[in-house]
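The chain contents come next:
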Amino acid sequence: SGKRAFIAGVADDNGYGWAIAKALAAAGAEILVGTWVPALNIFETSLRRGKFDESRLLPNGSLMEIVKVYPLDAVYDTPEDVPEDVKANKRYAGSSNWTVKEVAESVKNDFGSIDILVHSLANGPEVTKPLLETSRKGYLAAISASSYSYVSLLKHFLPIMNPGGASISLTYIASERTIPGYGGGMSSAKAALESDTRVLAFEAGRKGKIRVNTISAGPLGSRAAKAIGFIEKMIDYSYANAPLQKELRADEVGNAAAFLVSPLASAVTGSVVYVDNGLNTMGLAL
Ligand code: NAI
């Protein structure tokens, strides 16, 4: 409580980012979110019109307050990085200051500092293609949006993070076990994210006393997951084969995230923490 969190990757009330925001709000944190520029309009409109009111409900009966929504495109670090066609794009031209560096500056100007940084975003334009059919461009785009975006966010937010703060990201077991269908270099991007979690935990720990962990989450029918095309199959597989035979709810990931960024986890850093009903532990599904 009394902490301020910036959560990058919230554009509706279905994904892990929303669930993490809720768990942190329930624990008393002030919530700022970063929303992908092309999704900003519909997200803000839906918020304003009360479309999310039911899912804003917190255990104490109050509604989660999102103090500010920042437009963000985490594949661009500075305005100089933005290509002309993107600058001219109607959806982008309608907003400003949405590169990573600018968002960190805006948050600094608005609030001074944060305690918690959450990365809950990924994008792989060729995710439906097997790795052998993935182009260089698609592979690098997956890494840029899903892995380097985290390095960049932490790099730019670290100077305004209060010592003792914490950061988390979301990863998926396709980084370490083959999940046919999770293609386009997304498996590679998650492997990079997990390796970076260890290196960034060291660097941010020494530099700013900040802890860095990642949650390897089980399957959830989010907007991003539906784009992969076989999320229902993954959910059914998990239900059939995991030690805990139950649906994985987004709020279970939210609660684990709240633990990891809280002082209860003050000695946990550089870890990949599984929140997947235990599916990762199985060697043979019967
Ligand atoms: P989601 O669709 O709620 O979240 C992904 C968000 O990323 C969206 O809000 C999208 O607008 C945003 N985004 C995409 N490109 C962006 C960019 N360049 N800049 C800023 N934002 C951008 O879906 P979900 O599934 O909750 O994803 C959150 C995280 O959880 C991702 O890292 C995903 O890989 C991870 N994850 C998801 C699993 C699942 O089954 N849904 C399983 C394990 C991990």
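Note that the structure is predicted; figures quoted are calculated from it, not measured.

1. Focus: the nonpolar core
- Leu24, Ile31, Phe43, Ile66 and Ile215 are the most contacted members of the largest nonpolar core, which totals 40 residues.
- In terms of residue count, the dominant contributor to this core is helix 1 (residues 16-26) (eight residues).
- Setting aside chain neighbours within four positions, we find Ile31 in contact with Ala5, Ile7, Ala21, Leu24, Ala25, Glu65, Ile66, Val67 and Lys68.
- Ranked by size, the runner-up nonpolar core spans 27 residues in total, among them Val107, Leu117, Ile160 and Met161.

2. Comments concerning the packing of helix 1 against helix 10 (residues 250-260)
- For the pair helix 1 and helix 10, interaxial distance at closest approach is 8 Å and the crossing angle is 55°. Classified by the interaxial angle, the pair formed by helix 1 and helix 10 is oblique. Where helix 1 crosses over helix 10, the two elements pack in a sense that is right-handed. Along the contact surface, helix 1 presents Tyr16, Ala19, Ile20, Ala23 and Leu24, while helix 10 presents Ala250, Asp251, Val253, Gly254, Asn255, Ala257 and Ala258.
- When grouped by side-chain class, the residues that make up the contact of helix 1 with helix 10 number nine nonpolar, two polar and one charged.

3. Re the environment of Gly183
- With respect to the secondary-structure elements, Gly183 resides in the loop between strand 5 (161-171) and helix 7 (186-208).
- Spatially, the C-alpha atoms of Gly183 and Ala142 are 9.7 Å apart, while their sequence positions differ by 41 residues.
- Not counting residues up to four positions away in its chain, the partners in contact with Gly183 are Glu126, Val127 and Lys129.

4. Examining the sheet that holds strand 3 (residues 66-72)
- Overall, parallel pairing links the seven strands, which are arranged 3-2-1-4-5-6-7 in an open sheet. Whereas interior strands pair on both sides, the edge strands pair on one side only; in this sheet they are strand 3 and strand 7 (272-275). Across this sheet, the average inter-strand angle for adjacent strands is 20°, counted without regard to direction.
- Examined bridge by bridge, strand 1 (residues 4-8) and strand 4 (residues 114-119) share four bridges and lie parallel to one another.

Criteria and thresholds
Residues numbered from 1 in each chain as written. Predicted model: local features only at pLDDT ≥ 70, side-chain atom pairs only at ≥ 80, totals over all residues. Heavy atoms only, no water. Core = buried A, V, L, I, M, F, W, Y, C linked by side-chain atoms within 4.5 Å. Buried < 20%, exposed > 50% of the residue type's maximum accessible area, 1.4 Å probe, protein only. Helix = DSSP H or I, 4+ residues; strand = E, 2+ residues; numbered from the N terminus. Contact = heavy atoms within 4.5 Å. Axes fitted to C-alpha atoms, helices over the stretch in contact; angles between N-to-C directions. Parallel < 35°, antiparallel > 145°, perpendicular 65-115°, else oblique. Left-handed = near helix turned anticlockwise from the far one by under 90°. Nonpolar A, V, L, I, M, F, W, Y, C, P; charged D, E, K, R; others polar. Pairing = 2+ DSSP bridges.

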